[in-house]
Amino acid sequence: MTKDDTDLFGIETRYRRIETERLTGDDYETSLDPPDGSAPDNMEPAFKLIAAMFGEGTAAELDAESVLYNIVGAFNRPLIQLHRAHGEACSTLRDLVDRGDSSEVGSVRLEQAERRAHLLDQRIEHLEAIRDIAIRCYEDAVGRAWTPPKGSAPSRSGQTASARSARQYLAASRARELAALAPEGERFAVMGAPEVTDETLITRALDDVRDQYPDMILVHTADRNNPVDNAAARWARRNNIHQIPMDQPDFTRHKSAAPFIRNDEMIALGLTGVIIVPRPEGAKPHGISENLAQKATEARPKVPVRRIKA
């Protein structure tokens, strides 16, 4: 089915598809595509457009605060249900992991539980991003803070032990999935400050590692804005070296800690070595690179760190 002139935004088509998927069974949620991230970008102009309907001097001016408050609440209410569902999914996942059922049926159940927990996580992050923008728009329009009805504020800070345990399992599972995509070989992570632009310096160091480990696999953060990552990726393509590009930091969930949590995921891949491209001598150290180096030296077994110098 495609959108037509009577369904400009595809809403009717979308819910027909969801209803069709629902009829296929209880696992229909995991067959749906994850959020594409576009909705948060649309929230602010949409909210401001609605707020403009209650402009100063209009008959509806006195109703503005109530209407705008309830718009935010419309995003907050389903978050309460999603957090509850996510907690239940995490409990199920932890129980399945603790049970250690390696049978075919047990593996299928574990895979389904993983998919459901991942999807609920994505839905929560997506809706929270929209809700938080709506809150900011409400506060700008009304001039006071938006507070949820008493007892209805969903929060990750009150996670149960099951949820924390399941999140750790999911993070480790994602690291294993990344590693499984790569052939057998010695994994080396490269990381450097975005100010380092000497590609010859980087490729020379990678050549040295490849000479010592012909079966090396390159792990990097796949940051298109970082010259170190770009140089390393080009070198790997030229030399037919397999690459493991890491996911971008999840700032929505982890805020400023996101790059450091990704460093944990890199270490979890089972690295043979870490290559650090530091800033010039005398400059302030690059915190994310130094954090990776520190975690490598504290890992068990310890991961050797090589620092490239001009």
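It should be emphasised that the depicted structure is a prediction, and the values quoted were computed from it without experimental measurement.

Participant: How should I be thinking about the pattern of salt bridges in this particular structure?
Facilitator: Opposite charge on two side chains permits them to pair, given that their charged atoms come into close proximity. A complete count under the given rule lists ten salt bridges for this structure. The residue Arg136 makes a salt bridge to Glu44 at a minimum N-O spacing of 3.6 Å. With Arg136 in helix 4 (residues 104–142) and Glu44 in helix 2 (residues 38–51), this pair connects stretches of sequence that are 92 residues apart. Of the residues examined, Arg136 reaches a relative accessible area of 37% and is grouped as partly exposed. A salt bridge links Asp208 to Arg306, with the nearest nitrogen and oxygen atoms 3.2 Å apart. Of the two residues, Asp208 is situated in helix 6 (residues 199–212) and Arg306 in strand 5 (residues 305–307); the sequence distance between them amounts to 98 residues. By relative accessible area, Arg306 is classed as partly exposed at 36%. Connected through shared salt-bridge partners, Glu44, Lys48 and Arg136 make up one network.

Participant: Quick question: what am I supposed to make of the nonpolar core here?
Facilitator: The tendency in soluble globular proteins is for nonpolar side chains to be buried side by side. Residues Val190, Leu206, Met216, Leu218 and Val277 are the most contacted members of the largest nonpolar core, which totals 20 residues. Secondary structure elements with two or more residues in this core: strand 1 (186–192), helix 6, strand 2 (216–220), helix 7 (227–238) and strand 4 (273–277). Excluding residues that lie within four positions of it along the chain, Leu206 makes contacts with Met216, Leu218, Ala232, Trp235 and Ile275. Among the nonpolar cores identified, the runner-up in size contains 19 residues, and Val72, Leu79, Ala89 and Ile135 belong to it.

Participant: Help me understand the pairing of strand 1 in this model?
Facilitator: As a general feature of sheets, a regular strand has side chains that alternate between the two faces. In terms of residue burial, strand 1 counts as a mostly covered element, since six of its seven residues are buried. Sheet topology places strand 1 next to strand 2; four bridges connect them, and they run parallel. Residue pairing in the sheet places Glu186 in a bridge with Met216 of strand 2. A crossover links strand 1 with its parallel partner strand 2, the connecting element being helix 6, and its sense is right-handed. In this sheet, strand 4 lies alongside strand 1 in parallel orientation, the contact comprising five bridges. Considered in strand 4, the bridge of Gly192 is made with Val277.

Participant: What exactly am I supposed to notice about helix 4 here?
Facilitator: Given 3.6 residues to a turn, an α-helix orients residues that are three or four positions apart in the same direction. Over its 39 residues, helix 4 runs 56 Å from end to end, which matches the ideal 57 Å to within 8%, given 1.5 Å per residue. Count one or two residues on from helix 4 and you reach Gly143, which has phi positive near 90°.

Participant: For this particular structure, what's the right way to read the side chain of Asn263?
Facilitator: Along the chain, the position of Asn263 falls in helix 9 (residues 258–267). By relative accessible area, Asn263 is classed as buried at 0%. At 3.0 Å, the side chain of Asn263 and the backbone oxygen of Ile288 are in polar contact. In contact with Asn263, not counting residues within four places along its chain, are Met191, Ile288, Asn291, Leu292 and Lys295.

Participant: Could you clarify how one ought to interpret unusual backbone geometry in this entry?
Facilitator: Apart from glycine, the bulk of residues carry a negative phi angle, and the bulk of peptide bonds sit in the trans form. The omega torsion of the bond from Arg300 to Pro301 falls at 0°, within 30 degrees of zero and hence cis. Of note, Pro301 is situated in the loop between helix 10 (287–298) and strand 5. Of note, the phi angle at Ala222 is positive, near 55°, even though the residue is not glycine. With respect to the secondary-structure elements, Ala222 resides in the loop between strand 2 and helix 7.

Participant: For this particular structure, what's the right way to read the side chain of Thr272?
Facilitator: With respect to the secondary-structure elements, Thr272 resides in the loop between helix 9 and strand 4. Among the polar contacts made by the side chain of Thr272, one reaches the side chain of Glu186 at a distance of 2.5 Å.

Participant: Mind showing me how you'd approach the packing of aromatic side chains here?
Facilitator: Geometry of an aromatic ring pair is reported as the spacing of the ring centres plus the angle between the planes. With the rule as written, the count across this model stands at three aromatic pairs. Judged by centre distance (5.0 Å) and plane angle (55°), the rings of Phe188 and Tyr213 are tilted. Of this pair, Phe188 sits in strand 1 while Tyr213 is found in the loop between helix 6 and strand 2, placing the two residues 25 residues apart along the sequence. The class for Phe188 is buried, based on a relative accessible area of 6%. The rings of Tyr69, Tyr138 and Trp146 are connected pair by pair, giving a single aromatic cluster.

The rules we used
Residues numbered from 1 in each chain as written. Predicted model: local features only at pLDDT ≥ 70, side-chain atom pairs only at ≥ 80, totals over all residues. Heavy atoms only, no water. Salt bridge = Lys/Arg side-chain N within 4 Å of Asp/Glu carboxyl O. Helix = DSSP H or I, 4+ residues; strand = E, 2+ residues; numbered from the N terminus. Buried < 20%, exposed > 50% of the residue type's maximum accessible area, 1.4 Å probe, protein only. Core = buried A, V, L, I, M, F, W, Y, C linked by side-chain atoms within 4.5 Å. Contact = heavy atoms within 4.5 Å. Pairing = 2+ DSSP bridges. Right-handed = clockwise from strand over helix to strand, strands pointing away. Expected span 1.5 Å × (residues − 1). Polar contact = N/O pair within 3.5 Å; in protein donor to acceptor, adjacent residues only side chain to side chain. Phe/Tyr/Trp six-rings, centres within 6.5 Å; stacked < 30°, edge-to-face > 60°.

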